[in-house]
Amino acid sequence: MMLHNRVRSLSAILVAWAAVFAFSSPVFAQDVPESHLKAARAAVAAIHATDPFDNILPQAAAALEQQLIQKNPDMQDLIGKTITDKAMALASRRADLEKEAALAYAKVFSEKELNDIAAFYSSDTGKKLLDSGPTVTRDLVKAADIWQNGLARDLAQQVGETLAAAAKANAPAAPAAPADATAPAAPADGAAPADGDAPADNTQN
């Protein structure tokens, strides 16, 4: 009985989740021409907009299976089979997500823009952009990190040099060194010699 109730609970949650997507924008859906929605669905498919949600149902099923087997290990086979069957039955609800994705794009892009998007991303160039985009993005992030570090280093160095030069220019001049009072001053030309010095002999023979 416990297993039956848990499986029913999972089914109810997944059905409710799908219903939210199916009925979240009924008024807008009525206002969008079918050709516009068709273009939006084509664009959604071309850019794989809903691919990140592929694992929602499998992950929910796997988590429930693990939880139930831990509590009911003797019913492992039945649990696995039941969850697989119920999850497969709910897989068709994926169409509701595709519909809501198309509506979301139709709100923003015109029919012509959506056709242009679908045409580009269906081309070889567009497919390559989708396939190689993550690799290019990783390389760009690495290059941006190197560029950022170099920019920050050079900025700090140049600012530091400018501030150091300004500080040096604004520093007060060092005072002149005082004369040594103990050293005798050199006599000026024609001055009398100091005491004890012999006068020069200017007598000519």
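Please read these numbers as outputs of a predicted model, since none were measured by experiment.

Participant: Tell me about the overall build of the protein chain, and name the residues and values.
Facilitator: Counting its secondary structure elements, the protein chain contains 8 helices and 0 strands. The secondary structure elements of the protein chain, listed N-terminal to C-terminal, are α-α-α-α-α-α-α-α. Taking as baseline every contact in the protein chain between residues at least 6 positions apart, the subset at least 24 positions apart corresponds to 81%. Total accessible area computed for the protein chain in this model is approximately 15400 Å², and 60% of it derives from carbon and sulfur atoms.

Participant: I'd like a description of unusual backbone geometry, backed by residues and values.
Facilitator: In terms of backbone geometry, most residues other than glycine have negative phi values and most peptide bonds are trans. With a phi close to 55 degrees, His-48 is a non-glycine residue in the positive phi region. Take His-48: it is sitting in the loop between helix 3 (34–47) and helix 4 (56–71).

Participant: Explain the packing of aromatic side chains to me, using residue names and the numbers behind them.
Facilitator: Overall, the coordinates contain 2 aromatic pairs when judged by the stated rule. With centroids separated by 6.0 Å and ring planes inclined at 20 degrees, the aromatic side chains of Tyr-105 and Phe-109 adopt a geometry described as stacked. According to the relative accessible area criterion, Tyr-105 is partly exposed, its value standing at 25%.

Participant: Pulling in residues and values, what's your account of the nonpolar core?
Facilitator: Ranked by size, the top nonpolar core spans 10 residues in total: Val-32, Leu-37, Ala-39, Ala-40, Ala-43, Ala-102, Leu-103, Ala-106, Leu-114 and Ile-117. Mapped by element, the contributors of at least two residues to this core are helix 3, helix 6 (94–108) and helix 7 (111–122). Of all the elements, helix 3 adds the most residues to this core, at 4 residues. Core analysis: the second largest hydrophobic core is formed by 9 residues, Leu-68, Ile-69, Ile-83 and Leu-90 among them.

Participant: Explain the packing of helix 3 against helix 6 to me, and be specific about the residues and the numbers.
Facilitator: The N-to-C vectors of helix 3 and helix 6 enclose an angle of 105 degrees; their axes lie 8 Å apart at closest approach. Accordingly, the angle class assigned to the pair helix 3 and helix 6 is roughly perpendicular. Side by side, helix 3 and helix 6 meet where His-36, Leu-37, Ala-40, Arg-41, Val-44 and Ile-47 of the first sit next to Glu-98, Ala-101, Ala-102, Leu-103, Tyr-105 and Ala-106 of the second. Looking at the contact of helix 3 with helix 6, its residues break down into 9 nonpolar, 1 polar and 2 charged.

Participant: Lay out the packing of helix 3 against helix 7 with the relevant residues and their values.
Facilitator: Here helix 3 crosses helix 7 at 30 degrees, and the two axes come no closer than 8 Å. Taken together, the axes of helix 3 and helix 7 are roughly parallel relative to one another. In terms of crossing hand, the pair formed by helix 3 and helix 7 is left-handed. Residue-level inspection shows Ser-35, His-36, Ala-39, Ala-40, Ala-42, Ala-43, Ala-46 and Ile-47 of helix 3 in contact with helix 7, the latter providing Glu-111, Leu-114, Asn-115, Ile-117, Ala-118, Tyr-121 and Ser-122. Looking at the contact of helix 3 with helix 7 residue by residue, the class counts come to 10 nonpolar, 4 polar and 1 charged.

Participant: Describe helix 6, and please don't skip the residues or the numbers.
Facilitator: If you check helix 6, its first and last C-alpha atoms are 22 Å apart, about what 15 residues at 1.5 Å a residue would give, namely 21 Å. Asp-96, Leu-97, Glu-100, Ala-101, Ala-102, Leu-103 and Ala-106 are the residues of helix 6 that are buried.

Reading the values: the criteria
- Residues numbered from 1 in each chain as written.
- Predicted model: local features only at pLDDT ≥ 70, side-chain atom pairs only at ≥ 80, totals over all residues.
- Heavy atoms only, no water.
- Helix = DSSP H or I, 4+ residues; strand = E, 2+ residues; numbered from the N terminus.
- Contact = heavy atoms within 4.5 Å.
- Areas by Shrake-Rupley, 256 points an atom, 1.4 Å probe, with all protein chains shown as cover.
- Phe/Tyr/Trp six-rings, centres within 6.5 Å; stacked < 30°, edge-to-face > 60°.
- Buried < 20%, exposed > 50% of the residue type's maximum accessible area, 1.4 Å probe, protein only.
- Core = buried A, V, L, I, M, F, W, Y, C linked by side-chain atoms within 4.5 Å.
- Axes fitted to C-alpha atoms, helices over the stretch in contact; angles between N-to-C directions.
- Parallel < 35°, antiparallel > 145°, perpendicular 65-115°, else oblique.
- Nonpolar A, V, L, I, M, F, W, Y, C, P; charged D, E, K, R; others polar.
- Left-handed = near helix turned anticlockwise from the far one by under 90°.
- Expected span 1.5 Å × (residues − 1).

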